[in-house]
Amino acid sequence: MGSLTQNERALLYALRLKAASDAREEARKIKEELGTLVYSTNNKRLSRADKVAILTETKKYLRGGTLLGPQILVEANDNKGTIDIIDSIINDL
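Once a new chain begins, its residue numbering starts again from 1 and follows that chain's sequence as written. Reporting in this predicted model follows two pLDDT cut-offs: at least 70 for local features of residues, and 80 or more for side-chain atom pairs to be given and counted; totals over whole chains, interfaces and linings ignore these cut-offs and use all residues. In computing side-chain properties, one takes all heavy atoms of the structure into account and sets aside hydrogens as well as water.

The subject of this paragraph is the overall build of the protein chain. A count of helices and strands for the protein chain gives four helices and two strands. Within the protein chain, buried positions represent 34% of all 93 residues. Here, two residues are considered to be in contact whenever any of their heavy atoms come within 4.5 Å of each other. Taking the intrachain contacts of the protein chain between residues at least 6 apart in sequence as the baseline, contacts between residues at least 24 apart amount to 52%. Per-residue and other accessible areas follow the Shrake-Rupley method at a 1.4 Å probe size, with only the shown protein chains counted as cover for residues. Total accessible area on the protein chain stands at roughly 5,700 Å², and carbon and sulfur atoms take up 50% of it. In DSSP terms, a helix is any run of H or I states spanning at least four residues, a strand is any run of E spanning at least two, and both are numbered starting from the N terminus. Each residue is placed in one exposure class: buried if its accessible area under a 1.4 Å probe, protein chains only, is under 20% of its type's maximum, exposed if it is over 50%, and partly exposed if it falls in between.

Below, the structure is given as structure tokens:
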């Protein structure tokens, strides 16, 4: 998937969760993916703090109908359940 910034990764996760037919399953995949991510500078696993930062930013995208770039829109409607799922992932980290 290449190197993404935390904000880019958070947006990607928000879009994946919005598009998923099963948000819990997609969240499980995201949690597993977060466990495999490494820093490009030293090849060490991401810290818990950085994982939490990514997920917190993901929640912000899901909460706030955000326009990013010319065509990417994450609508804020009906995301409470998905945000709760992200909170449970943060608690499990």
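Let us look at the side chain of K59. Its location among the elements puts K59 in helix α3 (residues 48-63). When sequence neighbours within four positions are dropped, the list of residues in contact with K59 reads I83, I86 and D87.

In terms of nonpolar packing, the biggest core is built from 21 residues, with L34 and L55 touching the most fellow members. Setting aside residues up to four positions removed in sequence, L55 forms contacts with I30, L34, I86, I89, I90 and L93. Nonpolar core, defined: a set of buried Ala, Val, Leu, Ile, Met, Phe, Trp, Tyr and Cys residues in which side-chain atoms within 4.5 Å join the residues together.

We count a salt bridge whenever a side-chain nitrogen from Lys or Arg sits within 4 Å of a carboxyl oxygen from Asp or Glu. Taken as a whole, this structure holds seven salt bridges when the rule is applied. Linking E26 and R16 is a salt bridge whose minimum nitrogen-to-oxygen distance equals 2.7 Å. Placement of E26 in helix α2 (residues 23-36) and of R16 in helix α1 (residues 6-19) is noted, with a sequence separation of 10 residues between them. The closest approach of N and O atoms between E33 and R16, which form a salt bridge, is 2.9 Å. Residue E33 is found in helix α2, and its partner R16 is found in helix α1; the two are separated by 17 residues along the sequence.

With that out of the way, let us pick up the side chain of T58. Secondary-structure assignment places T58 in helix α3. On the accessibility criterion, T58 (1% relative accessible area) is buried. Among all residues touching T58, those that are not within four sequence positions of it are A10, Y13, A14, L17 and I86.

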